[in-house]
Amino acid sequence: MHQHGSLMAPLLGDVFCQCRSAESHPGPAASDRLPDLGQSEHPCDICGGPEQEHRLKVLFQVLDVNGDGGICVNDLTIGLKKLGVHRTEHELRKIVKAGDKDLDGQLDFEEFVHYLRDHEKKLRLVFKSLDKKNDGQIDSQEIMQSLCDLGVNISEEQAEKILRSMDKNGTMTIDWNEWRDYHLLHPAGNIPEIILYWKHSTIFDVGESMIVPDEFTAEEKKTGMWWRHLVAGGGAGAVSRTCTAPLDRLKVLMQVHASKSNSMRIAGGFSQMIREGGVRSLWRGNGINVIKIAPESAIKFMAYEQIKRLIGSNQETLGITERLVAGSSAGAIAQSSIYPMEVLKTRLALRKTGQYSGILDCAKHIFQKEGVTAFYKGYIPNMLGIIPYAGIDLAVYETLKNSWLQRFATDSADPGVFVLLACGTTSSTCGQLASYPLALVRTRMQAQATLEGGPQMSMSGLFRHIIRTEGPTGLYRGLAPNFMKVIPSVSISYVVYEYLKITLGVQSK
């Protein structure tokens, strides 16, 4: 496969600006420095100019075999063969799918350029992560070390074989140009380096459990790091939920009791709770909310891994659609398993002083008075809420992540604490906003039997009743305390997670 170097280099090697950024490897030889995609301080005449445009057009014309202004899978097969490059049909489909923004099954010139630039950015990150010595060259030892980090052990002979397939000048090392030429028209999945740095559902706990689970690299699964991450995440969730429990209880009270005639304010709500049951009453319902973290996280993680196998993906990482399907299904299974605990949490948060002596007493009362079905009140809106929450959270997070990686990632895929917190907070806030009306209806249905003489309504009946009596804003009661707890929740869970990671001996890359 390496014989394509001589044919492809004149086209691919010069697709992008040939200005070089000197920061990686100083020295007079311009050809040894990394291309800077036209963003250097002193752009040459190729940067963004007609020459670069011409080179891209030449490559596009070579690959656009039938000359219809679009590159389809068939065009790529024939065009790349002409250049001496052989790819499987599956790989070519992934290339077209990755770059095809208007979903017409082919890449026009603009999509083709965008795909190459985006792809080169990812390749640069991988190259830098492989280049352990930071000398601008990758040798067989570095390949062995990097694969070992990802849980794949190979011999030096196998590493040299990989090197030879990319090495065009026989030096037994690969520089950036050789690496790029070899991989540029090869589909790249998620880079394991990116998975390591961009976990967010394990780290952040905003009191909701509908986020799609994080991906773990093969090495993390092999060494047992995954369960340490989950334990650290669970511990962080317990601390963060306990710290923000008063706001969570206020949210539940406002969702159930607030109306046009009984407008509950934040300060008034807190003073009402303290008057009724003292300061300790602010934490009602928190015990069960913390207890349910462990079974829910474990069931969700196991279900997610099993569903990934059922989907038939042998990739280490899934695409965004597959992740949403697998994550939502795993969320639904986990929520179904622990849903009675959700009902108990709502009833305990709403209880009056002396009403129940504890969690078991509350469960016994509900069972005796209302039967088993009471433990699944509000189940349908809860399940329906998973899809908008998980979908929007995942889409917003991936968009923010990719936008940061494209614009700011140069030496590493590590975004740093602030960017990670900002992306995680924004995405979960958007997810909560989208699914909030369903969450409110779920809470009201869970609480129905506690309202003496109150009507027992169905989900659709409750929606109609709220809109008729309170207008659309009635569906967002309790939103203020809910959003007030997002930033403290995320910050506390992140700090505790980092501390627990060190205590449990999680290796940080």
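Residues numbered from 1 in each chain as written. Predicted model: local features only at pLDDT ≥ 70, side-chain atom pairs only at ≥ 80, totals over all residues. Heavy atoms only, no water.

Rule in force here: UniProt positions are given in the numbering used here, feature names are shortened, and annotations may be inferred rather than shown by experiment.
The protein carries the name Solute carrier family 25 member 25 in an unreviewed UniProt entry, which gives Amphiprion ocellaris as its organism. According to UniProt, the comment filed for the protein under the heading Subcellular location (unreviewed entry) is "Mitochondrion inner membrane". Checking UniProt for the protein, the heading Sequence similarities (unreviewed entry) contains the comment "Belongs to the mitochondrial carrier (TC 2.A.29) family."

### Observations concerning the overall build of the protein
Quick reminder of the rule: The helix and strand labels rest on DSSP assignments: H or I over at least four residues marks a helix, E over at least two residues marks a strand, and numbering proceeds from the N terminus. Accessibility here uses a 1.4 Å probe with only protein chains present; expressed as a share of the type maximum, an area under 20% marks a residue as buried, one over 50% as exposed, and anything in between as partly exposed. Contacts are assigned to residue pairs that have any heavy atoms within 4.5 Å of one another. Surface accessibility follows the Shrake-Rupley procedure with a 1.4 Å probe radius. Residue values consider only the protein chains on display as shielding.
Scanning the protein from terminus to terminus reveals 22 helices and four strands. Taking all 509 residues of the protein together, 52% fall into the buried category. Contacts in the protein between residues at least 24 apart in sequence constitute 71% of all its contacts with a sequence separation of at least 6. Entry remark: accessible area of the protein is about 23,400 Å², with carbon and sulfur atoms responsible for 59%.

### Some words on the packing of helix α16 (residues 320-350) against helix α18 (residues 379-408)
The condition is simple: All axes here are fitted lines through C-alpha atoms, helices being fitted over the stretch that makes contact, and every angle between N-to-C directions spans 0 to 180 degrees. Should the near helix be turned counterclockwise from the far one by less than a right angle, the crossing is left-handed, whereas a clockwise turn marks it as right-handed. Following the grouping adopted for this structure description, the nonpolar residues are Ala, Val, Leu, Ile, Met, Phe, Trp, Tyr, Cys and Pro, the charged ones are Asp, Glu, Lys and Arg, and the polar ones are all others, Gly among them.
Running from N to C, α16 and α18 point in directions that differ by 145 degrees, and their axes come no closer than 10 Å. Relative to α18, α16 is oriented so that their crossing is right-handed. Contact with α16, carried on its side by I320, R323, L324, S328, G331, A332, Q335, S336 and Y339, involves Y379, N382, M383, I386, A390, G391, L394, A395 and E398 of α18 and no other residues of that element. Its residues placed into classes, the contact of α16 with α18 shows ten nonpolar, six polar and two charged.

### With respect to the confidence of the model for the protein
Put simply, the rule reads: As a per-residue measure, pLDDT tells how confident the predictor is, with possible values from 0 to 100.
When pLDDT is averaged along the protein, the result is 76; 74% of the residues meet or exceed 70. Confidence drops under pLDDT 50 across residues 1-48; counting only partners more than four residues distant or on other chains, this segment forms 104 contacts.

### Things to note about the nonpolar core
Selection criterion: In this description, a nonpolar core means a group of buried Ala, Val, Leu, Ile, Met, Phe, Trp, Tyr and Cys residues linked to one another through side-chain atoms lying within 4.5 Å.
L63, I71, L76 and F112 are the most contacted members of the largest nonpolar core, which has 18 residues in total. Broken down by secondary-structure element, the contributors of at least two residues to this core are α2 (50-63), α3 (73-82), α4 (89-99) and α5 (109-130). Broken down by element, this core gets its largest block of residues, five residues, from α5. Apart from residues lying up to four places away in sequence, F112 is in contact with L56, L59, F60, L63, I71 and L107.

### Focus: helix α12 (residues 245-257)
The test is simple: A helix is expected to span 1.5 Å for every residue after the first.
Helix length check: α12, at 13 residues, gives a terminal C-alpha distance of 18 Å against a target of 18 Å (1.5 Å per residue), a fit within 8%. Here α12 has its buried residues at A245, P246, L247, D248, R249, L250, K251, V252, L253, M254, Q255 and V256. Lining the buried residues of α12 we find α11 (225-243), α13 (266-277), α14 (286-291), α16, α19 (416-447) and α21 (479-484).

### Overview of a nonpolar patch on the surface
To be explicit about the condition: Patches in this entry comprise residues that are over 30% relatively accessible and not in a salt bridge; like charges within 9 Å are linked, as are nonpolar side chains (Val, Leu, Ile, Met, Phe, Trp, Tyr) within 5 Å. The term salt bridge refers to a pairing of a side-chain nitrogen on Lys or Arg with a carboxyl oxygen on Asp or Glu at a separation within 4 Å.
On the surface, a cluster of nonpolar side chains totalling about 260 Å² of accessible area is made up of I274, V279 and W283. Inspection of the secondary structure puts V279 in the loop between α13 and α14. For V279, a relative accessible area of 52% translates into the label exposed.

### So, the packing of aromatic side chains
The way to describe two aromatic rings as a pair is by their centre distance and the angle between their planes. Rules: Note on aromatic pairs: the rings of Phe, Tyr and Trp (six-membered ring only in Trp) are paired at centre separations within 6.5 Å, and the planes decide the class, stacked below 30 degrees, edge-to-face beyond 60, tilted for the rest.
Enumeration according to the criterion identifies six aromatic pairs in this entry. Their ring planes at 25 degrees and their centres at 5.7 Å tell us that Y339 and Y376 sit as a pair that is stacked. One end of the pair, Y339, is in helix α16; the other, Y376, is in the loop between α17 (359-370) and α18, with 37 residues separating them in the sequence. Ring geometry for Y436 and Y476: centres 5.9 Å apart, planes at 10 degrees, overall stacked. Of this pair, Y436 sits in helix α19 while Y476 sits in the loop between α20 (459-470) and α21, and the two are 40 residues apart along the sequence. A relative accessible area of 3% places Y436 in the buried class.

### Let's talk about the packing of α5 against α18
Definition in use: Oblique is the label for any angle not covered by the other classes, which are roughly parallel (under 35 degrees), roughly antiparallel (over 145) and roughly perpendicular (65 to 115).
Contact pair α5 / α18: the axes reach a minimum separation of 10 Å and the direction vectors enclose 80 degrees. As far as their axial angle goes, α18 and α5 are roughly perpendicular. When α5 is examined against α18, the residues H114, D118, K121 and L125 are found in contact with a partner set consisting of L405, Q406 and R407.

### What about the pattern of salt bridges?
Enumeration over the complete set of coordinates arrives at twelve salt bridges. Linking D248 and K251 is a salt bridge whose minimum nitrogen-to-oxygen distance equals 3.6 Å. With D248 and K251 both in helix α12, this residue pair falls three residues apart, about one helical turn. The class for K251 is buried, based on a relative accessible area of 5%. The shortest N-O distance in the salt bridge between E470 and R477 comes to 2.8 Å. Across the pair, exposure class does not vary: E470 and R477 are buried alike. Shared partners join several salt bridges into a network, and the residues in it are D248, K251, K345 and K485.

### So, the side chain of H229
Turning to its location among the elements, H229 is positioned in helix α11. Classification of H229 as buried rests on a relative accessible area of 5%.

### A closer look at the UniProt feature "domain: EF-hand" (unreviewed entry) in the protein
Per the UniProt record, the feature "domain: EF-hand" (unreviewed entry) sits at residues 51-86, 87-117, 118-153 and 154-189. End C-alpha to end C-alpha, residues 87-117 measures 20 Å, and it is 65% helix and 0% strand.

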